[in-house]
Amino acid sequence: MADRVIKVGLLGLGTVGSSLVRLLEANAQEVWRRTGVLPLVTTALVRDPAKPRNLGSWRGTLTTDPEEVLSSDVDVVVEAMGGVEPATQYLLRALERGKHVLTANKELVAGSGPKLLAAAERPRRMFLFEASVAGGVPVIGPLTTSLAANRVSLVEGILNGTTNFILDAMREGASFESALAEARRRGYAEADPTEDIKGFDAARKLAILASLAFDRPVPVAWVKTRGIEEVTPEDHQNAARLGAVIKLLARASSEGGRLELSVVPTLIAADHPLAAVRGADNAVRVKADQVGEVVFSGPGAGGPATASALAGDLVAVARGAGALQIPAWKVPTIHESPAPAFDYRGRYYLRLRIEPDRLREEGLVLARSWRRQAGFGAVVGPVGERELRRALRRLGHAYTYFPLREDD
Ligand code: NAP
Ligand code: HSE
């Protein structure tokens, strides 16, 4: 018998929420063996109670009234509904009423994280969000505990499962549309998948990681963001010719206090540590002064992986682990300071409609070029992005470019 039952209320019972219900039905005994506490999901908020759901033998209550979760006797509220509002208001109310709060929602953490952390402080409740970044891959925990005595210089990763899945599938010959449809069917994509495709989801996750790694407020607007919608099958073929693969690479680096933050489709060498990240997997690579380099990788999206991270946070609550301390989030002007200028200087891959030799006329250093049926491919640089754009605009023809990064 459990020493104690911990009652859980869910806000949202879709891909993530229903996976958490199933995980706790299957593994409640594991949690009990390790904590002496038995988790029990009693209530869940949904929009449409009539919707068919795969909930195994779960017999809790469905409701459309948030108060039936927030004012109930639950000890923990788990938010898996998405969006910043009304989720923020619901979680603030939950904290006021003495509940611990867990979330998988990166938009909420990136937007309202500091407010929620502050609201959790006085009632000494926990606000935890491991599941909001990289799905089932533990990364917020390690950054805020095991690595916390290091000076971090780089956080680099694949932070969006949907786009990694699509890029992989396209490289193997699938169309963008069919790959996106499959990612949605598997529950990887956001309710509005343009959040994934345009890089916004990865940018939010990067802002969260950067603020923890560099111990300072990092507004999402500081992340230079480009999506994968411009990447064509031809680009994948060109990348292969260069011994590279195209990834939606998220990077946050700090040199002398200067932050550079980007989420941009990037050509990386096939032997780069992140090149082997396949399908909906994510990976986060951290470089730090004492530990050196560490890489965390695994399933980055999907119900079961995300539920695993939420359940891990639930275990932390059951154990009465210390609340997360993030002093940087107490800075009140978090969204007011201007974005640092970021102009990556390096080599770039180009897809062009003009003879690559003409690039030299514009002062670009042409490292490599080749003809293809539909046009040309080329590698130029080292050059700054602003200078590259100016030169390409002067040429006045359609072009697409992505950085081609060496491992650093
Ligand atoms: P989902 O399948 O669309 O589920 C959302 C759930 O919330 C549904 O049960 C929906 O009710 C409910 N809901 C939404 N708005 C509501 C409202 N205003 N009032 C009441 N109920 C509401 O989404 P999901 O994929 O589980 O994602 C949930 C959150 O987890 C998002 O923040 C997402 O970014 C994050 N996340 C997702 C994944 C993933 O792989 N899917 C991974 C990590 C993090 P109905 O069922 O009645 O429509
Ligand atoms: N839509 C997100 C992704 C879910 O594809 O990575 C995990 O946060």
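Just so you know, these numbers come straight off a predicted model, no measurement behind them. (Residues numbered from 1 in each chain as written. Chains lettered and ligands numbered in written order. Predicted model: local features only at pLDDT ≥ 70, side-chain atom pairs only at ≥ 80, totals over all residues. Heavy atoms only, no water.)

Visitor: Any chance you could explain the site of ligand 1 here in plain terms?
Guide: The immediate surroundings of ligand 1 are formed by 24 residues, with Asp48, Lys51, Arg53, Glu190 and Gly302 found nearest. Contact distances for ligand 1 include 3.0 Å between an oxygen atom and a backbone N or O atom of glycine 14. In the environment of ligand 1, an oxygen atom lies 2.7 Å from a nitrogen or oxygen atom belonging to the backbone of aspartate 48. When isolated, ligand 1 has an accessible area of 900 Å², and the protein chains bury 86% of it. Class assignment for the residues of the shell around ligand 1 results in 10 nonpolar, eight polar and six charged. Two domains share the shell around ligand 1, each providing at least three of its residues, namely domain 1 (2-135 + 309-330) and domain 2 (141-299). (Near = heavy atom within 4 Å. Polar contact = N/O pair within 3.5 Å; in protein donor to acceptor, adjacent residues only side chain to side chain. Areas by Shrake-Rupley, 256 points an atom, 1.4 Å probe, with all protein chains shown as cover. Nonpolar A, V, L, I, M, F, W, Y, C, P; charged D, E, K, R; others polar. Domains from an automatic or database assignment.)

Visitor: What am I meant to see in the site of ligand 2 here?
Guide: Every residue lining ligand 2 is accounted for by Lys106, Asn160, Gly161, Thr162, Tyr188, Ala189, Glu190, Asp196, Asp201, Lys205, Gly300 and Ala301. Residue glycine 161 places a main-chain N or O atom 2.8 Å away from an oxygen atom belonging to ligand 2. Burial of ligand 2 by the surrounding chains reaches 94%, relative to a free accessible area of 250 Å². Its residues placed into classes, the shell around ligand 2 shows three nonpolar, four polar and five charged.

Visitor: Please clarify how the side chain of threonine 88 should be interpreted in this entry.
Guide: Its place among the elements puts threonine 88 in helix H3 (residues 87-96). In this structure threonine 88 touches Leu108, Ser112, Lys115 and Leu116, once residues within four positions along its chain are discounted. (Helix = DSSP H or I, 4+ residues; strand = E, 2+ residues; numbered from the N terminus. Contact = heavy atoms within 4.5 Å.)

Visitor: How should I be thinking about the domain arrangement of the chain in this particular structure?
Guide: Accessible area lost upon the coming together of the parts serves often as the stated size of an interface. Along its sequence, the chain is carved into domain 1 (2-135 + 309-330), domain 2 (141-299) and domain 3 (345-405). Centre-to-centre, using C-alpha coordinates, domain 1 lies 49 Å away from domain 3.

Visitor: Even after reading the chapter, I still don't get helix H1 (residues 15-35), so can you show me in this structure?
Guide: Residues separated by three or four positions in an α-helix point in the same direction, a consequence of the helix having 3.6 residues per turn. Asparagine 27 marks the point of greatest bend in H1, at about 65 degrees. All of the buried residues along H1 are Val16, Gly17, Ser18, Ser19, Leu20, Val21, Leu24, Ala28, Val31 and Thr35. Those residues of H1 hidden inside the fold are in contact with strand E1 (4-11), strand E2 (37-45), strand E4 (76-79) and helix H11 (303-319). Just past H1, the residue glycine 36 takes up positive phi, approximately 75 degrees. (Bend = angle between axes of the 7 residues up to and from the residue. Buried < 20%, exposed > 50% of the residue type's maximum accessible area, 1.4 Å probe, protein only.)

Visitor: Would you mind showing me how to read the packing of H3 against helix H4 (residues 106-121) here?
Guide: Relative placement of two packed helices is described by the angle separating their axes and the distance separating the axes. Running from N to C, H3 and H4 point in directions that differ by 15 degrees, and their axes come no closer than 10 Å. Taken together, the axes of H3 and H4 are roughly parallel relative to one another. Taken as a pair, H3 and H4 cross one another with a handedness that is right-handed. Across from Ala87, Thr88, Leu91, Leu92 and Leu95 in H3, the residues of H4 making contact are Leu108, Ser112, Lys115, Leu116, Ala119 and Ala120. Grouping the amino acids of the contact of H3 with H4 by side-chain chemistry returns eight nonpolar, two polar and one charged. (Axes fitted to C-alpha atoms, helices over the stretch in contact; angles between N-to-C directions. Parallel < 35°, antiparallel > 145°, perpendicular 65-115°, else oblique. Left-handed = near helix turned anticlockwise from the far one by under 90°.)

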